[in-house]
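# Summary of the model geometry
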Amino acid sequence: QQQVKQSPQSLIVQKGGISIINCAYENTAFDYFPWYQQFPGKGPALLIAIRPDVSEKKEGRFTISFNKSAKQFSLHIMDSQPGDSATYFCAASGGEKDSNYQLIWGAGTKLIIKP
Amino acid sequence: GAVVSQHPSWVICKSGTSVKIECRSLDFQATTMFWYRQFPKQSLMLMATSNEGSKATYEQGVEKDKFLINHASLTLSTLTVTSAHPEDSSFYICSARGGGVPYNEQFFGPGTRLTVL
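Quick summary incoming for the structure in this document. (Residues numbered from 1 in each chain as written. Chains lettered and ligands numbered in written order. Predicted model: local features only at pLDDT ≥ 70, side-chain atom pairs only at ≥ 80, totals over all residues. Heavy atoms only, no water.)

## Side note on the overall build of chain A
Scanning chain A from N- to C-terminus turns up zero helices and 11 strands. Ordering the α and β elements of chain A from the N terminus gives β-β-β-β-β-β-β-β-β-β-β. Against the globule reference of 13 Å for 115 residues, chain A gives a C-alpha radius of gyration of 14 Å, in line with a compact fold. Viewed in the frame of its principal axes, chain A has a C-alpha envelope of about 45 × 30 × 20 Å. Residues classed as buried in chain A amount to 43% of the 115 residues present. (Helix = DSSP H or I, 4+ residues; strand = E, 2+ residues; numbered from the N terminus. Rg over C-alpha atoms; globule rule 2.2 N^0.38 Å. Buried < 20%, exposed > 50% of the residue type's maximum accessible area, 1.4 Å probe, protein only.)

Here you go:
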């Protein structure tokens, strides 16, 4: 019940296209859903996050869509650029007493943007 | 934004030696720090959670006597890998959350690459 399932495992998108990465969760008590971007040899960096009281959040070219009834959320990268090539992780937290707000991680998606 | 630093960024050591990795929150007080381990092409694996002034809580399967964690202040946590062996070679990443930042946001350090020969 604590799992977060992420797909696809890898994704190749042409420059200028839309990259879409999906995640699904089971624990309905989760209340925080961040996306992290990680470049090789670096720590993850928070990209954008959403809470379940909204269905969409947009920051620049990055949008999270959240479907509470389906227990799914997705990251959309508009006008994808070669510099967006990285590994993206979805995560979720909340719902457990004294959990210290631990993040439950998806498996990651390696995104390659072809010039 | 909230900044977390790690030192060293990489370390090479001989088998049997101990290595200490520092994690610092530079512009906020980190009431909770997390230590992760990441193998190539894999997701982050939580090793332990530490609250300032308390003993760390280790995840199942993580040897607390091998991976010593100290969170002595609101800005510093250390991970000591004792008697390191080649199988301990990995990418170690810390994160922090706490006062002054949204309650469940975690900010990550740049990671430490440990290679044990």
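## Remarks on the sheet that holds strand 3 (residues 19-25) of chain B
Residue and element names in this part refer to chain B. Taken in spatial order, the four strands make up an open sheet running 1-3-8-7, and their pairing is antiparallel. Pairing within the sheet leaves two strands with one partner each, and these edge strands are strand 1 (4-7) and strand 7 (67-73). Taking each pair of neighbouring strands and ignoring which way they run, the sheet shows an average axis angle of 15°. Pairing analysis gives five bridges linking strand 7 to strand 8 (residues 76-81), with the strands arranged antiparallel. Counted as the bridge partner of Asn70 is Thr78 from strand 8. (Pairing = 2+ DSSP bridges. Axes fitted to C-alpha atoms, helices over the stretch in contact; angles between N-to-C directions.)

## Some remarks on the sheet that holds strand 1 (residues 4-7) of chain A
Remark on secondary structure: sheet strands pair via backbone hydrogen bonds, oriented parallel or antiparallel. All names here are of chain A. Taken together, five strands build an open sheet; the order of strands is 1-3-8-7-6 and the sheet is antiparallel. Taken across any chain shown, the strands that pair with only one partner, and hence form the sheet edges, are strand 1 and strand 6 (56-59). When strand polarity is set aside, the average angle formed by the axes of neighbouring strands in this sheet is 15°. The pairing of strand 6 with strand 7 (residues 62-67) spans four bridges and is classified as antiparallel. Of the residues in strand 7, the one forming a bridge with Glu56 is Ser65.

## Side note on a nonpolar patch on the surface
All names here are of chain A. A contiguous nonpolar patch, built from Ile18, Ile20 and Met78 and spanning about 240 Å² of accessible area, is present on the exposed surface. Positionally, Ile18 belongs in the loop between strand 2 (10-14) and strand 3 (19-25). By relative accessible area, Ile18 is classed as partly exposed at 46%. (Patch = residues over 30% accessible without salt bridge, like charges linked within 9 Å, V, L, I, M, F, W, Y side chains within 5 Å. Areas by Shrake-Rupley, 256 points an atom, 1.4 Å probe, with all protein chains shown as cover. Salt bridge = Lys/Arg side-chain N within 4 Å of Asp/Glu carboxyl O.)

## Comments concerning the pattern of salt bridges
Counted under the stated rule, the structure contains four salt bridges over all chains. Between Lys57 of chain A and Glu59 of chain A there is a salt bridge, with its nearest N and O atoms 3.7 Å apart. A relative accessible area of 32% means that Lys57 of chain A is categorised as partly exposed. The partly exposed category is assigned to Glu59 of chain A, whose relative accessible area is 37%. Of the charged contacts, one joins Glu22 of chain B and Arg24 of chain B as a salt bridge, the two residues approaching to 3.5 Å between their closest N and O atoms. According to the relative accessible area criterion, Glu22 of chain B is partly exposed, its value standing at 25%.

## Side note on the state of the cysteines
A complete count under the given rule lists two disulfides over all chains for this structure. Residue Cys23 of chain A pairs covalently with Cys90 of chain A via a disulfide, S to S 1.8 Å. Disulfide Cys23 of chain A-Cys90 of chain A: torsion about the S-S bond near -95°, hence left-handed. Of the two residues, Cys23 of chain A sits in strand 3 while Cys90 of chain A sits in strand 9 (residues 86-92), which places them 67 residues apart along the sequence. Comparing Cys23 of chain A with Cys90 of chain A shows no difference in burial state: the two are buried. One disulfide bridge connects Cys23 of chain B with Cys94 of chain B, the sulfur atoms lying 2.0 Å from each other. Between Cys23 of chain B and Cys94 of chain B, the S-S torsion sits near 80°, and that sign places the bridge as right-handed. (Disulfide = S-S within 2.5 Å.)

All we've got here are geometric facts, nothing functional implied.
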